[in-house]
Each structure stands twice: as structure tokens, then as C-alpha cells.
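# Report on the structure
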Amino acid sequence: QVQLVESGGGLVQPGGSLRLSCAASGFTIRQYAMSWYRQAPGKERELVAVINGAGGSTTYANSVKGRFTISRDNAKNTVYLQMNSLKPEDTAVYYCNAVGLKHWGQGTQVTVSS
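So, here's what we can say about the structure. The numbering scheme is per chain: residues are counted from 1 as the chain's sequence reads. In view of the model being predicted, local features appear only for residues whose pLDDT reaches at least 70, and side-chain atom pairs are presented and counted only at 80 or more, with totals across whole chains, interfaces and linings using the full set of residues. Derived side-chain values reflect all non-hydrogen atoms in the structure, with water molecules and hydrogen atoms excluded from consideration.

All right, on to the sheet that holds strand β3 (residues 18-25) then. In a beta sheet, neighbouring strands pair by backbone hydrogen bonds and run either parallel or antiparallel. In space, the four strands of this open sheet follow the order β1-β3-β8-β7, with antiparallel pairing throughout. Either end of the sheet is taken by a strand with one partner, and the two such strands are β1 (3-7) and β7 (68-73). If you compare each strand with its neighbour and ignore which way they point, the axes differ by 15° on average. Pairing geometry for β7 and strand β8 (residues 78-83), over six bridges, is antiparallel. Across the sheet, residue Ser71 finds its bridge partner in β8, namely Tyr80. Strand pairing is defined by DSSP finding a minimum of two bridges between the two strands. Segments assigned H or I by DSSP are reported as helices when at least four residues long, segments assigned E as strands when at least two residues long, and all are numbered from the N terminus. The convention used is that axes are lines fitted to C-alpha atoms, helices contributing only their stretch in contact, and that angles between N-to-C directions extend from 0 to 180 degrees.

Next up, the structure:
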């Protein structure tokens, strides 16, 4: 069955970096655009970044543009989110998703705090 497993979250100081991973199984990510979402406490889930199937096109939320980079390794069936210059407002649970599929992983918690 379709599974998405996010990892790499943690506690980091403002200005720090984290790299999130999303390992997919049960389907081939090559056939899908892949995305990262996040949900902060008391807020709706919001789209952070999207990458097309070939990896040549990316789109970012204005709030993370220039700081976050989405990438994919189709051979490993894995999607990544490199997060630099982290801010307290980036604190959230981060989820990956295959565009068009309704499956979600458990998410990974990112906390940016001094």
C-alpha cells in the first residue's frame, strides 16, 4: 500500500538548517509531482513547496522562497526539503504528499527556538 514516511525534523535555533526526507513506498514517485506541506498549531495545513516529476520545475510559498529547496531522488523514491535560515514561524509539523494522491505520512516536527 501507499506509504509516506517523513523524517529529519527536530529542534533548531533561529538561523539554523535542517534537511527533511520523505521516503515513499507502494508507488513510484517518478510518476508524480511531489509536495511538502506544513501545519502549525491552530493553523490550517499550508503548501510549502512542489517539485514536478522530472525535478526540473519547483514552486515555493512566498514565506520560504530563497530559504528552502525541494529536491527528489527518483532512484531512491525519496523527496527532500532543505531548510536554511530557519525562523520561529517555520515551526510546524511537515508532511509530504504526492500530488493527486490522498495519502499522508505521520509528519515530522520542526521546532525553531532559542
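Taken in spatial order, the six strands make up an open sheet running β2-β10-β9-β4-β5-β6, and their pairing is mixed. In this open sheet, the two edge strands, each paired with only one partner strand, are β2 (10-12) and β6 (58-60). Direction aside, the axes of adjacent strands within the sheet are offset by 25° on average. Note: strand β9 (residues 92-98) against strand β10 (residues 108-112), three bridges, orientation antiparallel. Pairing of Tyr94 across the sheet is with Thr108, part of β10.

Counted as salt bridges are all cases of a side-chain nitrogen of Lys or Arg within 4 Å of a carboxyl oxygen of Asp or Glu. Tallied over the full model, the rule gives three salt bridges. The partner of Asp90 in a salt bridge is Arg38, with the nearest N and O atoms 2.9 Å apart. Highlighted residues: Asp90 in the loop between β8 and β9 and Arg38 in strand β4 (residues 34-39), separated in sequence by 52 residues. The same class applies to Asp90 and to Arg38, which are both buried. One salt bridge in this structure joins Asp90 and Arg67, with 2.8 Å as the shortest N-O distance. Here Asp90, found in the loop between β8 and β9, pairs with Arg67, found in the loop between β6 and β7; they are 23 residues apart in sequence, far enough to count as distant. The class of Asp90 is buried, set by a relative accessible area of 1%. Here the residues in one salt-bridge network are Arg38, Glu46, Arg67 and Asp90, joined through shared partners. Burial here depends on accessible area, computed with a 1.4 Å probe over protein chains only, as a share of the maximum for the residue type. Under 20% is buried, over 50% is exposed, and the range in between is partly exposed.

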